[in-house]
Amino acid sequence: MNDAAPGNQDRGSDPPSRRSVLRTTAGVAGAAGLGFGVLGATPAAAATPSAEDTGSTPPRQGRTMAGVPFERRSTVRVAIVGLGNRGGSMIDLFLALPGVRVTAVCDPVKAKTERAVAKVVAAGQPSPAVYASGEHDYEKLCERGDVDLVYVATPWDLHFAMARTALLNGKHVGVECPVAMRLDELWALVDLSERTRRHCMQLENCCYGRNEMRVLRMAHAGKFGELLHGAGAYNHDLRGLMFSPTYYEGPWRRLWHTRLRGDLYPNHGFGPVANYMDVNRGDRAVSISSFGTPALGLAEYREANVPRSDPSWKETYIESDRTISMVRTARGRVIRLEHDVSTPHPYSRINSLGGTKGVFEDYPERIYLEPDHSDDRWADFSAYADEFDHWLWKEHADPPGGHGGMDYIMVYRLMQCMRLGLVPDFDVYDAATWTAPVPLSHASIRANGAPQRIPDFTRGEWRGARPGVDSVKPE
C-alpha cells in the first residue's frame, strides 16, 4: 500500500484513470504539430521543425505541476528500469538510503537483473520483482501497485515511451538524460505530467555538483551582480567507449551520430546554468542558434582502431564533432553550450557564469569578483566554501557513489522530497527546456545557424519566482 499521509496531497494529486488520460492525450503529437510528423517516424526524418512551428504553444490540457509537492510517505518504493552501466550502479545509492525500497527491477538481459536482485537482498530488503521478458516488459512493471517512482536508465531511444508509460500508470518518473529526443515528445510529457498529476523529472546529476551548487547560491546572493552570460558543455572523449563491443549494450549511442547533427547531450551543461539564471523561475530560454563542425572524428577513429569486419563500417556519421550553440533568454542573457564526444579532449563541462561584478570558470575552478579581487588575477574558489556551500554538501561532506558524490546528493534529495512531501527541485518544465536543444540544435545547424524558438513549456508561468535546486534545509 501507498502510505501517503492525509493532508499532504497536492492540488488534486489523485491521477485520473489511465483510460481517460489515453483518450484525451491521443493525438497529442498531432495537436502539437511542431513539424515532426508522427511519433513513429525515424529520428533523422522527424527532427527538423521550422522556427515558426517550434514557437507554437498547444493549449494546456491539465493544471500546472509547478510548485506541486509529492504525496508524503514513510517509505519510497522504487522500480529501476535499465540495469546497465548507469542503472546498475545507481541501484547502490537507492539501497544506501533509509526509507527507500527497491521493489522491482527490469532489463532484457537476465544476468543484469540477477546482479541487481543480489544487491537488493544483500542490503536486507525483500527480493524485488523481476521483469526480463523482452523490450516491453517495463509496461507490466509500471502497472504494479507497489511502485511510487520509476527510475529510467536505458538507451535514449526508449526514454520517452518509458516515461509516458509510467505517467499513464500513475507513477512519478525520473529519467536519465535526455528525457526525450523530439519536441512533440517533450510536449507530450508536459501534458501527461499535468493531466496525471505525477512528476516527470530529468535526473540531472550535474545540478548537484558541489561547485555548481556553490555557484548557484553565490549567484542568488548577488555575488556576481546582474547575471549576463554563462556556459556549459559536455566535452568528453567517448570514441573508445562508443566503439567498444562490451561497454554499451549494443551500438545505440554511436548510432545517434548517424541520425542527428546537433547537440545530443545538452543537459549536463544547460541544467546548472539554467539554475543560476532562474530559467523557468523568472527568466526563460527563448531561442537557440547552433553551428557544427564537419563529422570526421568517429570515422578517423574507426579507420585507425576498428577492423574492417566490424559492423560499424556500414555506418555513416553526420553528427558534428563539435556543436556550439548560443541560447538567448527573455532577459537578454546568453548561454553558450558545447558538445564534443568525437575528438581528443580532456573532460570538461565548462560551467561558467559571469555578471556585472565578476566571473566564475570551472575546469579548473577559478573566480574573479569585485570588490573581493582587484588585481586582474584569478582567485581561489575554495575560499567561498564555508559561506556558500549548499547545506546538502555540508551535511554530506564525503558522499558515496560516482561523479564526485553528485549522484548520491541527487538521489538523497529526491528521496527526501518524496518522503517529506516536498516540491521537487526541478519538474517536467525543466526537463523539457533542458532537453529542447537536442532537436532544435539539429534544426538550427541544418538552417545554417538560423535561430530556433524554444517553446515556453510553462505556458507563461516562468514569469513567477519559485524555489529550485537552491533549496532550504527542511526542519
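What you are looking at is a predicted structure, and each value in this text was computed from that prediction instead of being measured. (Residues numbered from 1 in each chain as written. Predicted model: local features only at pLDDT ≥ 70, side-chain atom pairs only at ≥ 80, totals over all residues. Heavy atoms only, no water.)

A. Structural view of the environment of Val306. When you line up the elements, Val306 lands in the loop between α14 (297-305) and β9 (323-329). On the basis of relative accessibility, which here comes to 13%, the residue Val306 falls in the buried class. Counting along the chain gives 66 residues from Val306 to Gly240, while the straight-line C-alpha distance between them is 10.0 Å. When residues no more than four places from it in sequence are discounted, the contact partners of Val306 are Phe243, Tyr301, Ser312 and Trp313. (Helix = DSSP H or I, 4+ residues; strand = E, 2+ residues; numbered from the N terminus. Buried < 20%, exposed > 50% of the residue type's maximum accessible area, 1.4 Å probe, protein only. Contact = heavy atoms within 4.5 Å.)

B. Here's a closer look at the sheet that holds strand β13 (residues 366-369). Across the sheet, eight strands lie side by side as β13-β12-β11-β7-β10-β9-β8-β14; this open sheet has mixed pairing. Because the sheet does not close on itself, it has two edges, and the strands there are β13 and β14 (452-453). The sheet contact formed by strand β8 (residues 285-292) and β14 spans two bridges and is antiparallel. Each bridged residue has a counterpart across the sheet, and for Ile288 the counterpart in β14 is Gln452. (Pairing = 2+ DSSP bridges.)

C. Representation of the sheet that holds strand β1 (residues 76-81) in the model. Taken in spatial order, the six strands line up as β3-β2-β1-β4-β5-β6 in an open sheet, and their pairing is parallel. Edge strands, defined here as strands with exactly one partner in the open sheet, are β3 (129-131) and β6 (200-202). On average, adjacent strands in this sheet sit at an angle of 25 degrees to one another, irrespective of strand direction. Across six bridges, the pairing between β1 and strand β2 (residues 100-106) is parallel. Its bridge partner lying in β2, Ile80 is registered against Val105. In this fold helix α17 (residues 406-420) packs onto β1, β2, β4 (149-152), β5 (172-175) and β6, with an angle of close to 140 degrees to the strand it touches most, β1. (Axes fitted to C-alpha atoms, helices over the stretch in contact; angles between N-to-C directions.)

D. Inspection of helix α13 (residues 267-276) at higher detail. The element α13 is largely enclosed, with a buried count of 10 among its 10 residues. By the burial criterion, the buried members of α13 are Asn267, His268, Gly269, Phe270, Gly271, Pro272, Val273, Ala274, Asn275 and Tyr276.

E. Here's a closer look at the packing of α13 against helix α18 (residues 428-435). Where α13 contacts α18, the axes come no closer than 9 Å and their chain directions differ by 125 degrees. What the angle tells us is that α13 and α18 run oblique. Between α13 and α18 the crossing geometry is right-handed. In this structure, α13 uses Asn267, Phe270, Gly271, Ala274 and Asn275 to contact α18, whose residues at the interface are Thr433, Trp434 and Thr435. Within the contact of α13 with α18, the residues separate by chemical class into three nonpolar, five polar and no charged. (Parallel < 35°, antiparallel > 145°, perpendicular 65-115°, else oblique. Left-handed = near helix turned anticlockwise from the far one by under 90°. Nonpolar A, V, L, I, M, F, W, Y, C, P; charged D, E, K, R; others polar.)

F. Representation of the pattern of salt bridges in the model. Per the stated rule, a full pass over the model turns up 33 salt bridges. A salt bridge links Asp92 to Lys119; the nearest nitrogen and oxygen atoms lie 3.3 Å apart. Of this pair, Asp92 sits in helix α5 (residues 87-95) while Lys119 is found in helix α6 (residues 110-122), placing the two residues 27 residues apart along the sequence. By relative accessible area, which is 30% here, Lys119 ends up partly exposed. The closest approach of N and O atoms between Asp470 and Arg217, which form a salt bridge, is 3.8 Å. Of this pair, Asp470 sits in the segment after β14 while Arg217 sits in helix α10 (residues 210-220); the two residues are 253 residues apart in sequence, bridging distant segments of the chain. (Salt bridge = Lys/Arg side-chain N within 4 Å of Asp/Glu carboxyl O.)

G. Here's a closer look at the pairing of strand β12 (residues 358-361). Across three bridges, the pairing between strand β11 (residues 352-355) and β12 is antiparallel. Pairing of Gly354 across the sheet is with Val359, part of β12. A loop of two residues connects β11 with β12, the two strands running antiparallel in sequence. Two strands pair when backbone bridges link them, and β12 and β13 are joined in this way by four bridges, in the antiparallel orientation. Each bridged residue has a counterpart across the sheet, and for Glu361 the counterpart in β13 is Arg366.

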